[in-house]
Amino acid sequence: MTTSEFVKQFRQADPRKLALQASRYPDVDMPYALNQIQGWQTALRKLPSWAACDGVVYPPHLNMEQCSSEATARYKQQVARRWAERIPNASRTSMTDLTGGFGVDFSFTSRCFDCATYVERNASLCEVVDANLPRLGIRNAQVKCAEAEAVLEQMEPQTMIFLDPARRDEHGAKTVLIADCTPDVCQLLPSLMQKSQFVMLKLSPMLDWHKAIVDLEGKVREVHIVSADGECKELLLVLAPDGKPEVQVFCVDIQSRPDSEGQYPRSEFVYSIGGEAEPQPTNSTLNIEHLTLNINNSTSAQPTNSQFTTQKLKIAAGNNSKLKIQNSKFLFEPNASVMKAGCFDEIARAYGVSAISRNSHLFLSDHEIDGFPGRSFAIDAVTTMNKRQLRQTLSGMKQANIAVRNFPLSVAELRKRLKLSDGGDTYIFATTTSDGDHILMLTHKTKK
């Protein structure tokens, strides 16, 4: 049995058990075969369209875990296509990925252009990608093993340049500042703007995107905060030479598993900073909730260092701004992308909800709201931490899901005090009101 036959026959088996049977297959390169089996199993979950292609070569396990998922890669593809279609009189479009890596993002974004170039300084990765591209049906691409800076200096102008700078220093420690990443995008910015119609920059979700806008000298046109299944995964910036004062911010939450039609449903909350227009909510669709909200900083009484600094608004804005907690019927928890964006004032204005307090990041309404970017709950009861009230409210309850927001106790401490196990259909939110009262809100989900 050859190594490739072994991989194909046993790709659904447990690699750990197969390792114990290595002596039974002397003609098989067992370390390589086990890595390919493990890679295929990861791809089945993370990159299903890749797993469906025979012959794809996978890198070591760590690289597979760190690479983009198909859900987020397809989102980049959609953003790239939208921007490419804006280019006037483009007879032939092109892109270059200066930090190719395993090539997941490249394999999707390259399909939006007539020709594409993959650049990577790691020769082993170049060999893998060069073999994989035709197996994935990509025939408009070339592979270059070179340093990003050298290619940028010599290449012809492109429609799009894509970069995913390395976010670890020479000691292996994580970096979150653009200037600390490799290559240094801030240093390359003049060349990037000269050699492209637009640049897509992928960064760590830990990065301060407000500072990134300032560091990139007003060239940022869009900020995409991308989450998958409630976890913030990456930050995308789209830059263009014709920088404008308005920056659109996209808070995106994607389902990591495709639906029956092979699509990745997502919700979006979109607003703008630095522009002059008044807020204009738009209609939501089945999977996409879309809002355009512009904040004019010129009305702020306090000077700022950047025109892109979001003006602080009164957080309880909206139709229900004076709604009392005891009269509320529904509670809303924003998704991870909204939390990262910190656009709580914009959420309140767009959906007419009231914040429990400025630091709670939980919202209330007297009616259910379709399309809220996050989770929705129906409120069953509200109680203080008074022992008698707790006994009455929690009578007969054995388990609950507990979350704390701006509350003096941790989840573990509160669970111990309430004597509740984890699980069930009840969700308890422990928080502090604007009056400083500690309360528990007992709820259940309104939708799956």
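One structure accompanies this document, and this report is about it. The numbers attached to residues start from 1 for each chain and follow its sequence in the written order. Restriction of local features to residues with pLDDT of at least 70 applies here, the model being predicted, together with a cutoff of 80 or more for giving and counting side-chain atom pairs; totals for whole chains, interfaces and linings are based on all residues. Values reported for side chains reflect all heavy atoms of the structure, with hydrogen atoms and water molecules removed beforehand.

**Some words on the environment of tyrosine 427**
Stage number 1. Each helix is a run of DSSP H or I of at least 4 residues and each strand a run of E of at least 2, with the numbering of both proceeding from the N terminus. Mapped onto the fold, tyrosine 427 is located in strand β18 (residues 427-432).
Stage number 2. Sequence separation between tyrosine 427 and histidine 444 is 17 residues, and the spatial gap between their C-alpha atoms is 5.7 Å.
Stage number 3. Here, residues are in contact when the closest pair of their heavy atoms is within 4.5 Å. Aside from chain neighbours lying at most four places away, what touches tyrosine 427 is Arg375, Phe377, Asn401, Met441, Leu442, Thr443 and Lys445.

**Brief notes about the pattern of salt bridges**
Stage number 1. The salt bridge criterion pairs a side-chain nitrogen of Lys or Arg with a carboxyl oxygen of Asp or Glu, the two atoms within 4 Å. The tally for this structure, following the rule as stated, stands at 20 salt bridges.
Stage number 2. Residues aspartate 105 and lysine 202 are paired through a salt bridge, measuring 3.5 Å at the closest nitrogen-oxygen approach. With aspartate 105 in helix α7 (residues 104-109) and lysine 202 in strand β5 (residues 196-203), this pair connects stretches of sequence that are 97 residues apart.
Stage number 3. Working definition: with a 1.4 Å probe on protein chains only, accessible area under 20% of the residue-type maximum means buried, over 50% means exposed, and in between means partly exposed. Assessed through its relative accessible area of 8%, aspartate 105 is described here as buried.
Stage number 4. One network of salt bridges, in which partners are shared, links Lys76, Asp105, Asp164, Lys202 and Glu234.

**Some details on the packing of aromatic side chains**
Stage number 1. The pairing test for Phe, Tyr and Trp rings, Trp by its six-membered ring, is centres within 6.5 Å, and the orientation test on the planes gives stacked under 30 degrees, edge-to-face over 60, and tilted for anything in between. Going through the model one piece at a time under the given rule, you end up with 13 aromatic pairs.
Stage number 2. Taking 4.8 Å as the distance between ring centres and 45° as the angle between the ring planes, the aromatic pair formed by phenylalanine 6 and phenylalanine 10 counts as tilted. Within this pair, phenylalanine 6 and its partner phenylalanine 10 are both found in helix α1 (residues 3-10), separated by four residues, close to a single helical turn. For the pair phenylalanine 6 and phenylalanine 10, a shared accessibility class is recorded, and that class is buried.

**Details of the environment of lysine 46**
Stage number 1. Looking at the secondary structure, you find lysine 46 in helix α3 (residues 30-46).
Stage number 2. Through-space distance from the C-alpha of lysine 46 to that of serine 256 is 7.9 Å; in sequence the pair is 210 residues apart.
Stage number 3. Aside from chain neighbours lying at most four places away, what touches lysine 46 is Met64, Glu65, Gln66, Cys67, Ser68, Ser69 and Glu70.
Stage number 4. Between N or O atoms, a polar contact is any pair within 3.5 Å; within protein, one atom must be a potential hydrogen donor and the other a potential acceptor, and residues adjacent in sequence are included only when both atoms are from side chains. A polar contact of 2.7 Å, which involves the side chain of lysine 46, links it to the backbone oxygen of cysteine 67.

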